[in-house]
Structures are given as C-alpha cells and as structure tokens.
Amino acid sequence: MNTRIATGRSVRSAGKYLLFFVVGAAMAGCGVAIKYSLSGASIPPDARTFSVAYFPNNATMVSPILSSTMTDALVDMFSRRTRLMQVDEGGDFAFEGEIVNYTSTTASVSSDDYALLNRLTITVKVRFTNALDESQSWNNTFTAYEDYDSTLLLTEVEGDLIPQIVDKLVTDIFMASASNW
C-alpha cells in the first residue's frame, strides 16, 4: 500500500514536470522571443552592440590613472557579463560621460579633533543611450567612496582605492542600464 502512494505521488510530480516541459517547448516552437539572462540582466534579443566613450577627468583634483581605469572597467563589465559586442561608437547601448569629482576629505574625527579616517570620493556623470528604445535612455550621476587611514597620504593609497571605487561605480552603472532589460 505504501508503494502505491509513493508511486502515485511520483507520477503526479513527473506529470507536472512533463507539462512544464511541453509548454516551454511549445512557446519556443511558436516563435515566442525569449530573452536570456546573464548576471541578472535580460538582454533584448535585437541588442547586439555596446560602446563606451573615454571618460575624461574634469574634476578639480586629477589622478592620472582614473580616466583610463573608469573607461576600461566599464568596457570590461559589459564584455564579461553580456553577449554584446563592443564597437567604437554608436552601439545599441552607448555610454559616455565624465569624471566630475575626485576629492579626499576627513571622514572620521577623534574626540580630541584629530582626523582618524579620510575618504576618497569619486563622482561620474553618465549618459546612457539605448538606441533600441530611447525611452530607456538616461543621464545620471553616480558617486562612490572608500575610507583610508589618515596617517597615510592620498598618493600612497590611491593606487589601491581607485580600482575599488571604480568597481562600485561600474556595478551601479551596469545595474542602472540593465534594470529595464
């Protein structure tokens, strides 16, 4: 008797999976466009390319590695996490922008008014153009920061901090552009 109950449940479970498979196959066979997802981003089937223009550093304070690090990281993110091919300009998804802020400020002060931590902050303005659906294009500003020990000079730590901050910025830009896919 226990064998019949277990077998009956197994048949019902198998039937559900079979139904799911048949419906999925029918949708695919009927030409229903199915978007696929990489890293949570469902790319429209007609999107083929992306482009990233060089991000100039127009901040008052300038780091020589920041512009190339920012531009390269954005290209790398889309190359690794999507099936889109990079083109020099005019991609289906196009990014351009500028670095507008690069500052180091005091982030934490001790009870006797000595700086304990400093904060390196980077802000970028980004223009995203979705050539396939202009209503999804946008202009946004993104800011990220990292704190560092105030006993260290910025020149001693910026080589480590810039890639960390840029990684946060690029992730935010990727998520903002992919949120409507």
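Above this text sits the structure in question.
Attention here is on the structure that accompanies the text.

Concerning the pattern of salt bridges
Moving on, step 1. This model, assessed by the stated rule, comprises 3 salt bridges.
Moving on, step 2. The salt bridge partner of R80 is D76, with a shortest N-O separation of 2.8 Å. On the criterion of helical spacing, the pair formed by R80 and D76 is a turn pair, its members being 4 residues apart in helix 2 (residues 66-81).
Moving on, step 3. On the accessibility criterion, R80 (55% relative accessible area) is exposed.
Moving on, step 4. When its relative accessible area of 37% is taken as the criterion, D76 is described as partly exposed.
Moving on, step 5. The salt bridge involving K168 is made with E146; its shortest N-O contact spans 2.5 Å. Of this pair, K168 sits in helix 3 (residues 154-178) while E146 is found in strand 7 (residues 138-149), placing the two residues 22 residues apart along the sequence.
Moving on, step 6. Classification of K168 by relative accessible area gives partly exposed; the value is 36%.

So, the nonpolar core
Proteins that are soluble and globular tend to have nonpolar side chains buried together.
Moving on, step 1. If you look at the biggest cluster of nonpolar residues, it comprises 37 residues, and the most contacted ones within it are M70, F95, I122, V124 and I173.
Moving on, step 2. Elements with a minimum of two residues in this core: strand 3 (49-52), helix 2, strand 5 (93-109), strand 6 (115-130), strand 7 and helix 3.
Moving on, step 3. A total of 11 residues in this core trace back to one element, the largest contributor, which is helix 3.
Moving on, step 4. Leaving out residues up to four positions away in the same chain, M70 has contacts with F55, I99, V124, V166, L169, V170 and I173.

Overview of the sheet that holds strand 4 (residues 85-86)
Moving on, step 1. Strands sit in the order 4-3-5-6-7 across an open sheet of 5 strands; the sheet is mixed. Only two strands of the sheet have a single partner each, and these edge strands are strand 4 and strand 7.
Moving on, step 2. Here 15 bridges tie strand 5 to strand 6, and the two strands are oriented antiparallel to one another. Note that in strand 6 the partner of F93 across the bridge is N130.
Moving on, step 3. Taken strand by strand, helix 3 contacts strand 5, strand 6 and strand 7, and its axis lies near 145° from that of strand 7.

With respect to helix 2
Moving on, step 1. If you check helix 2, its first and last C-alpha atoms are 22 Å apart, about what 16 residues at 1.5 Å a residue would give, namely 22 Å.
Moving on, step 2. When we look at burial in helix 2, the residues that qualify are L66, S67, M70, T71, L74, V75, M77 and F78. Taken around the axis of helix 2, the buried residues stretch over an arc of 165°, which confines them to a single face. Exposed residues lying more than 90 degrees from the buried face of helix 2 are D72 and R80.
Moving on, step 3. Against the buried residues of helix 2 lie strand 3, strand 4, strand 5, strand 6 and helix 3.

Quick look at the side chain of S63
Moving on, step 1. Summarising the element assignment, S63 is placed in the loop between strand 3 and helix 2.
Moving on, step 2. Since its relative accessible area comes to 2%, S63 is described here as buried.
Moving on, step 3. Leaving out residues up to four positions away in the same chain, S63 has contacts with N57, Y102, E158 and I162.

Focus: unusual backbone geometry
Moving on, step 1. Within the chain, D113 stands out as a residue other than glycine whose phi angle is a positive 65°.
Moving on, step 2. Considering the arrangement of structural elements, one finds D113 in the loop between strand 5 and strand 6.

Thoughts on the packing of aromatic side chains
Moving on, step 1. All chains considered together, the criterion is met by 7 aromatic pairs.
Moving on, step 2. Here F95 and F128 contribute two aromatic rings whose centre-to-centre distance is 5.0 Å and whose plane-to-plane angle is 35°, an arrangement assigned as tilted. Taken together, the residues span a long stretch of sequence, with F95 in strand 5 and F128 in strand 6 at a distance of 33 residues.
Moving on, step 3. We classify F95 as buried; its relative accessible area is 2%.
Moving on, step 4. By relative accessible area, F128 is classed as buried at 2%.
Moving on, step 5. An aromatic cluster is defined as three or more aromatic residues linked by ring pairs; in this entry it consists of F50, F78, F93, F95, F128, W138, F142 and F174.
Moving on, step 6. Sitting over the face of the ring of Y145, R119 holds its NZ or CZ atom 3.9 Å from the ring centroid.
Moving on, step 7. Across the ring face of Y145, the terminal group of K168 is positioned such that the distance to the ring centre comes to 5.9 Å.

What counts and what doesn't
- Residues numbered from 1 in each chain as written.
- Predicted model: local features only at pLDDT ≥ 70, side-chain atom pairs only at ≥ 80, totals over all residues.
- Heavy atoms only, no water.
- Salt bridge = Lys/Arg side-chain N within 4 Å of Asp/Glu carboxyl O.
- Helix = DSSP H or I, 4+ residues; strand = E, 2+ residues; numbered from the N terminus.
- Buried < 20%, exposed > 50% of the residue type's maximum accessible area, 1.4 Å probe, protein only.
- Core = buried A, V, L, I, M, F, W, Y, C linked by side-chain atoms within 4.5 Å.
- Contact = heavy atoms within 4.5 Å.
- Pairing = 2+ DSSP bridges.
- Axes fitted to C-alpha atoms, helices over the stretch in contact; angles between N-to-C directions.
- Expected span 1.5 Å × (residues − 1).
- Arc of directions from axis to C-beta.
- Phe/Tyr/Trp six-rings, centres within 6.5 Å; stacked < 30°, edge-to-face > 60°.
- Lys NZ or Arg CZ within 6 Å of the ring centre and 35° of its normal.

Function-wise, these values are silent; they only describe arrangement.
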